[in-house]
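# Structure at a glance
Given next are the chains, with one letter for each unit.
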Amino acid sequence: MGVVQETLDSCSDHQVRYIVINNNLNLLDSISDIQDQRDFELIAYRNIPPTMTSTKVETPAAESQEPQYNNVDLVHFEPRHYGDWRDEFHQNGCVVIKNVISPERAEYYRDKQIQWLKNFELGFDENDESTWTTEHLPVSFKGGMYFAYAAPHEKMAWEARTEPAVVEIFEKLWETKELISSFDGMNISMPRRKDLNWSPWPHCDQNQNRKGMQAVQGLLNYAPNGPNDGGLMLMKGSSKLFDEFFKHKRESFDHEDAPPPEIKYMDLFLFSEKDVNWFKEQGCELIKVNMEPGDFVLWDSRTMHYACLPEGDQIRHVQYICMTPRRFATPEALELKKQCFENFVGTTHWPHCNIRPTKEKPMRNGEVCPKDRSEPFEKPELTDTVLRLAGVKEY
Ligand SMILES: [Fe+2]
């Protein structure tokens, strides 16, 4: 199979576009040219070989300004048999990968997350259900998702991202070792919360203008997660219907928890109940993903999904983890990532673009939470692996 690489580079005040086909440089007028090249596999977009000298096509710099959407898969996966979890993933757009870390290691992360909640000194006690309330917990989204308080850069979050078997999942999927990670949050959900009004939040994290599989999402599960334990709901098969659903422009549902309009999420689409039913009518199945401690679930970002609250006895413990190839990122995106990393700021699920720093402060009773903080309680160790996954250090 051949290799096609398109690159976008800046040269003084112009953008320069290249395409490499099997190491031979060619001009590229439009990305659609690539789609006709059935013999080739598109492996990179906007990768910039620093030493390349070539014929150039000059296009206005404005073309590269946000928002912009790539209209093809960043990696085109030809149908083939892998003989592992990738077969199921490519078939359904989602897969559970068993025993990625040991039960002991999962327990370590559970303890770390509980300690993190206690560090806020709001009276939370994991053994006293009466303290499982908003006033005793840091501010979260949908009853347990923590993105603020520098949580994405806690040592435990980086330890989870750098678990060798976790990195290996993304290396296998993308067929490269040169990956970057999102700075995503975690989920610690108490069951049977009486102080929450919770409603389903079916959404996908890919803009309707982006076509093809451009990102995946994943979570590492730390606690037993059965049918009553809440957790991840997935509309199995919905990623395959993404293009059909968005053939005509669709309006995102006005959900009660929708972000305010001034917060521009480039890659969030909220589905209405009617939309949910449309996917079911096409044969998709809404499934609750059950997992053991140490399991990992991976899904295509076009998949409809949401997290539901636990109803049993078990606290839900999860770290969201996403990685994509470094070559997908522009120099601008890498610079923005570096700033986020150095300032302990979180990002969206997307590792290589849509680096939208989560600047919003956690609000409590109409005011910024007095416990707001801009540094992790435990800072990550700056190993080469951490720095490379953060996008700060080159491979
Ligand atoms: Fe999501």
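What you see is a predicted model, and the numbers here were worked out from it, not measured in a lab.

What counts and what doesn't
- Residues numbered from 1 in each chain as written.
- Predicted model: local features only at pLDDT ≥ 70, side-chain atom pairs only at ≥ 80, totals over all residues.
- Helix = DSSP H or I, 4+ residues; strand = E, 2+ residues; numbered from the N terminus.
- Buried ≥ 20, exposed ≤ 12 C-beta atoms within 10 Å, placed from the backbone.
- Contact = placed C-beta atoms within 7 Å.
- Pairing = 2+ DSSP bridges.
- Core = buried A, V, L, I, M, F, W, Y, C linked by C-beta atoms within 7 Å.
- pLDDT = per-residue confidence, 0-100.
- Expected span 1.5 Å × (residues − 1).
- Arc of directions from axis to C-beta.

It is worth spelling out the overall build of the protein at this point. Looking only at helices and strands, the protein has nine helices and 20 strands in total. Looking at the protein as a whole, 39% of its 395 residues are labelled buried. Excluding contacts between residues fewer than 6 apart, the proportion of contacts in the protein whose partners are at least 24 apart in sequence is 82%.

Here the focus is the sheet that holds strand β6 (residues 94-97). Pairing within the open sheet is antiparallel, and its six strands lie in the order β6-β15-β11-β17-β9-β7. Bordering the open sheet on either side are β6 and β7 (145-146), each of which pairs with just one other strand. In this sheet, strand β15 (residues 296-300) lies alongside β6 in antiparallel orientation, the contact comprising four bridges. Each bridged residue has a counterpart across the sheet, and for Ile-97 the counterpart in β15 is Phe-296.

Located in the positive-phi region is Asn-99, a residue other than glycine, with phi close to 50°. Here Asn-99 is to be found in the loop between β6 and α3 (103-119). The partly exposed category is assigned to Asn-99, around which 13 C-beta atoms lie within 10 Å. In this model, Glu-175 sits at a positive phi of 60°, which is unusual for a non-glycine residue. Along the chain, Glu-175 falls in the loop between α5 (164-174) and β8 (179-181).

On to the nonpolar core, then. Membership of the largest hydrophobic core comes to 76 residues, with the highest contact counts inside it found for Ala-151, Ile-169, Leu-220, Phe-296, Val-297 and Leu-298. Looking at this core element by element, the count peaks at five residues for α5. Apart from the residues lying within four places of it in its own chain, the contact partners of Val-297 are Cys-94, Val-96, Gly-218, Leu-219, Leu-232, Val-289 and Met-291.

Here we take up the confidence of the model for the protein. Residues with a pLDDT of 70 or more make up 78% of the protein, whose mean pLDDT is 81. Within the model, pLDDT remains below 50 along residues 1-65, and this stretch shows 87 contacts once partners closer than five positions in the same chain are excluded.

The side chains of a regular strand alternate between both faces of the sheet. Buried residues dominate strand β12 (residues 231-236), accounting for five of its six residues. Bridge count for β12 against strand β16 (residues 305-308) is four bridges, and the pairing is antiparallel. Looking at β16, one finds that Met-233 is bridged to Tyr-306.

Our focus in this paragraph is helix α8 (residues 331-342). The terminal C-alpha atoms of α8 lie 16 Å apart, and with 12 residues this matches the ideal 16 Å at 1.5 Å per residue to within 8%. Residues Ala-333, Lys-337, Cys-340 and Phe-341 constitute the buried set of α8. All buried residues of α8 fall inside an arc of 95° around its axis, so they share one side. Facing away from the buried surface of α8 by more than 90 degrees, the exposed residues are Pro-331, Gln-339 and Glu-342. Count one or two residues on from α8 and you reach Phe-344, which has phi positive near 60°.

Bringing the environment of Ala-165 into the picture now. Here Ala-165 is to be found in helix α5. Distance from Ala-165 to Asn-99, taken between C-alpha atoms, is 9.4 Å for residues 66 residues apart in sequence. The residues touching Ala-165, leaving out its near neighbours within four places in the chain, are Val-100 and Ile-101.

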